[in-house]
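Now for the letters of each chain:
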There are 4 protein chains.
Amino acid sequence: MIVQFSIIPLGVGVSLSEYVAKVIEIVDASGLPYKFHAMGTIVEGDWDEVMNLIKKCRDILMEDLERILIDIRIDDRKGAKNRIEGKVLSVEKRVKRTIIK
Amino acid sequence: MIVQFSIIPLGVGVSLSEYVAKVIEIVDASGLPYKFHAMGTIVEGDWDEVMNLIKKCRDILMEDLERILIDIRIDDRKGAKNRIEGKVLSVEKRVKRTIIK
Amino acid sequence: MIVQFSIIPLGVGVSLSEYVAKVIEIVDASGLPYKFHAMGTIVEGDWDEVMNLIKKCRDILMEDLERILIDIRIDDRKGAKNRIEGKVLSVEKRVKRTIIK
Amino acid sequence: MIVQFSIIPLGVGVSLSEYVAKVIEIVDASGLPYKFHAMGTIVEGDWDEVMNLIKKCRDILMEDLERILIDIRIDDRKGAKNRIEGKVLSVEKRVKRTIIK
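The subject of this paragraph is the overall build of chain A. Looking only at helices and strands, one finds three helices and four strands in chain A. Start at the N end of chain A and walk to the C end: the helices and strands fall as β-α-β-β-α-β-α. With respect to the three principal axes, the spread of C-alpha positions in chain A is 45 × 30 × 20 Å. Every one of the 101 residues in chain A was classed for burial, and the buried ones make up 44%.

Shown next, in the form of structure tokens:
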């Protein structure tokens with residue numbers, strides 16, 4: 001399955017990039033395929049792989065924080081693989097001219 | 001922590017209430033405190049309790065479906081309990097007149 | 001259409017209830033049907049009614065804040081009305097015993 | 001402000017790429033900066049620019065559909081510009097080695 005998640009620390013001011021960087025390092029170390037963009041991180045894996053990864057990010061952030069919000073969106077399709085790139089390509093084929101950046 | 005989730009089955013037509021009812025029965029059987037509303041289900045528990053419950057809902061729905069989308073929002077605050085009611089009450093105290101329904 | 005939204009102010013500490021109360025007062029004054037729960041506010045209306053209401057909440061909060069996050073989920077179904085209660089009832093009819101609280 | 005949105009058509013089967021392609025063409029024609037990824041589309045603009053664009057996507061899809069779900073996440077920060085790239089770069093600077101793809 002393919003999963004987008006973002007973690008919002010509260011009580012640390014308006015800039016969150018320090019915490020997002022921590023999350024990215026944990027995601028990168030997991031070895032799972034991922035893509036980081038301006039509104040979250042997309043990871044591909046099975047349920048336990050991805051959910052344990054997000055739990056690990058949460059556990060590490062909560063060592064220093066009192067409250068976090070986490071947003072998770074899952075797209076679970078039987079038998080589908082390599083979807084971080086694949087979903088984009090299947091749309092791009094249908095768009096009249098090449099506009100995907 | 002307090003968690004809102006909703007599961008969207010694809011490929012089953014525009015009416016989803018049959019699947020939502022299945023989810024509610026699974027949530028109810030878990031024994032965790034919950035509240036069901038028009039846009040999702042709110043559950044309170046620790047990480048493993050809540051995530052295993054959502055996984056169970058997903059596993060049961062995916063027996064008959066090819067693709068589902070799941071939306072999960074977590075509010076994780078150290079030491080906080082009874083927040084399904086508590087968060088509403090703490091806002092209500094601040095509202096000038098009683099408007100919470 | 002039926003819309004759930006929540007506004008998260010950043011840079012104001014871990015307690016957000018003061019800001020949520022402001023939002024509820026604005027929603028209540030709009031006259032639109034709404035329901036407030038622990039993870040957001042559900043409003044029913046047409047596109048412009050609901051979006052102008054959320055914009056108003058955002059404009060008022062941004063007078064005093066530097067950054068907010070807003071989460072909006074829309075369920076738009078042709079011809080459907082009274083869905084804040086109606087969606088819950090249509091699920092409840094399918095649940096084997098009365099468990100909706 | 002920077003906004004991620006995704007539109008989920010119901011009642012059209014499990015493959016949604018035809019509808020996503022329609023949305024991308026409308027977004028591309030708007031002239032607003034955007035980035036399309038596997039879980040949604042990120043657009044930057046002021047409130048009315050972005051919300052009118054999403055409304056246009058919804059209006060066109062609803063010509064042929066009975067029900068759609070729309071998910072919108074807004075990050076609104078005073079005075080911030082060029083954030084589709086900028087937010088990624090500000091995190092990348094903090095990550096120990098270059099891992100952003």
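Here helix α2 (residues 47-62) of chain B is 16 residues long and its end C-alpha atoms lie 22 Å apart, about the 22 Å a rise of 1.5 Å per residue gives. Buried residues along α2 of chain B sit against α2 (47-62) and β4 (67-77) of chain A together with β1 (2-9), α1 (17-30), β3 (40-44) and β4 (67-77) of chain B.

Both copies of the chain are tied together by a single rotation about an axis and a shift running along it. Note on the identical chains: chain C maps onto chain B by a rotation of 180 degrees and an axial translation of 0.0 Å, with an RMSD of 0.0 Å. Here the copies are linked by what is in effect a two-fold axis. Nearest to the rotation axis, the C-alpha of histidine 37 of chain C is located 4.2 Å from it, this being the minimum over chain C. Interface overlap between copies is the fraction of interface residues in one copy that are interface residues in the other; for chain C against chain B it reaches 100%, indicating a shared surface.

To continue, consider the packing of helix α1 (residues 17-30) of chain A against α2 of chain A. The description of two helices packed together rests on the angle between their axes and the distance between the axes. All names here are of chain A. Put simply, α1 and α2 touch, their axes get as near as 10 Å, and they point 140 degrees apart. Regarding the angle of α1 to α2, the classification is oblique. The two elements α1 and α2 cross, and the hand of that crossing is right-handed. Residues Tyr19, Lys22, Val23, Ile26, Val27 and Ser30 of α1 form the contact with α2, whose own contacting residues are Leu53, Lys56, Cys57, Ile60 and Leu61. Of the residues assigned to the contact of α1 with α2, the class counts are eight nonpolar, one polar and two charged.

For the pair chain D and chain A, the superposition axis carries a translation of 0.0 Å, the fit reaches an RMSD of 0.0 Å, and the rotation angle comes to 180 degrees. Counting the interface residues of chain D, we find that 100% of their copies in chain A are interface residues as well, pointing to one common contact surface.

Our next topic: the sheet that holds strand β3 (residues 40-44) of chain D. Read from one edge of the open sheet, eight strands run β2(C)-β3(C)-β1(C)-β4(C)-β4(D)-β1(D)-β3(D)-β2(D), paired in antiparallel fashion. This sheet does not close on itself; its edge strands, each paired only once, are β2 (34-37) of chain C together with β2 (34-37) of chain D. The sheet shows a mean angle of 15 degrees between the axes of neighbouring strands, taken without regard to direction.

For the rest of this paragraph, the subject is the sheet that holds strand β2 (residues 34-37) of chain B. Pairing within the open sheet is antiparallel, and its eight strands lie in the order β2(A)-β3(A)-β1(A)-β4(A)-β4(B)-β1(B)-β3(B)-β2(B). Each edge of the open sheet carries a strand with a single partner, namely β2 (34-37) of chain A together with β2 of chain B. With direction set aside, neighbouring strand axes in the sheet form an average angle of 15 degrees. Both β2 of chain A and strand β3 (residues 40-44) of chain A contribute to a ladder of four bridges, which runs antiparallel.

This part is about the interface of chain D and chain A. Each partner contributes residues to the interface: chain D has 29 residues there, and chain A has 29 residues. In terms of residues, the side of chain D that touches chain A owes the most to one element, helix α1 (residues 17-30) of chain D, which gives seven residues. Classifying every residue of the side of chain D that touches chain A gives 14 nonpolar, four polar and eleven charged.

To continue, consider the interface of chain C and chain B. Listed as interface residues are 29 residues of chain C and, on the opposing side, 29 residues of chain B. Those elements giving two or more residues to the side of chain C that touches chain B turn out to be β1 (2-9), α1 (17-30), β2, β4 (67-77) and α3 (83-92) of chain C. With seven residues, the top contributor of residues to the side of chain C that touches chain B is α1 of chain C. Looking at side-chain class alone, the side of chain C that touches chain B contains 14 nonpolar, four polar and eleven charged residues.

Once that is clear, we can look at α2 of chain A. Residues and elements named next belong to chain A. Listed as buried for α2 are Val50, Met51, Leu53, Ile54, Cys57 and Arg58. Take α2 and look down its axis: the buried residues cluster within an arc of 155 degrees, on one side only. With respect to the buried face of α2, the exposed residues turned more than 90 degrees away are Asp48 and Asp59.

Now for the environment of arginine 67 of chain B. Structurally, arginine 67 of chain B can be placed in strand β4. As for arginine 67 of chain B and arginine 94 of chain B, which are separated by 27 residues in sequence, their C-alpha atoms are 43 Å apart. Setting aside residues no more than four positions away along its own chain, arginine 67 of chain B makes contact with Asp76 and Arg77 of chain A, Leu10 and Gly11 of chain B together with Val14 of chain D.

Turning to unusual backbone geometry, a few remarks are in order. All names here are of chain C. At asparagine 82, a position not held by glycine, the phi torsion is positive, near 50 degrees. Within the secondary structure, asparagine 82 is located in the loop between β4 and α3. Owing to 11 C-beta atoms within 10 Å, asparagine 82 belongs among the exposed residues under this scheme.

Chain-level statistics for chain A give a pLDDT mean of 94 and a share of 95% at 70 or above. Taken over the whole predicted complex, pTM reads 0.95, whereas the ipTM for its chain interfaces reads 0.94.

So, about the pairing of β3 of chain B. All names here are of chain B. Of all the five residues making up β3, five are buried; the element is thus mostly covered by neighbouring parts of the structure. Burial along β3 is two-sided: the residues Gly40, Ile42 and Glu44 and Thr41 and Val43 are all buried. As judged from the four bridges shared by β1 and β3, these two strands associate in the antiparallel manner. Looking at the pairing, valine 3 lines up with valine 43 of β3. Where β2 folds back on β3, the antiparallel hairpin that results is connected by two residues.

Calculation criteria
- Residues numbered from 1 in each chain as written.
- Chains lettered and ligands numbered in written order.
- Predicted model: local features only at pLDDT ≥ 70, side-chain atom pairs only at ≥ 80, totals over all residues.
- Helix = DSSP H or I, 4+ residues; strand = E, 2+ residues; numbered from the N terminus.
- Buried ≥ 20, exposed ≤ 12 C-beta atoms within 10 Å, placed from the backbone.
- Expected span 1.5 Å × (residues − 1).
- Contact = placed C-beta atoms within 7 Å.
- Least-squares fit on C-alpha atoms with pLDDT ≥ 70 in both.
- Axes fitted to C-alpha atoms, helices over the stretch in contact; angles between N-to-C directions.
- Parallel < 35°, antiparallel > 145°, perpendicular 65-115°, else oblique.
- Left-handed = near helix turned anticlockwise from the far one by under 90°.
- Nonpolar A, V, L, I, M, F, W, Y, C, P; charged D, E, K, R; others polar.
- Pairing = 2+ DSSP bridges.
- Arc of directions from axis to C-beta.
- pLDDT = per-residue confidence, 0-100.

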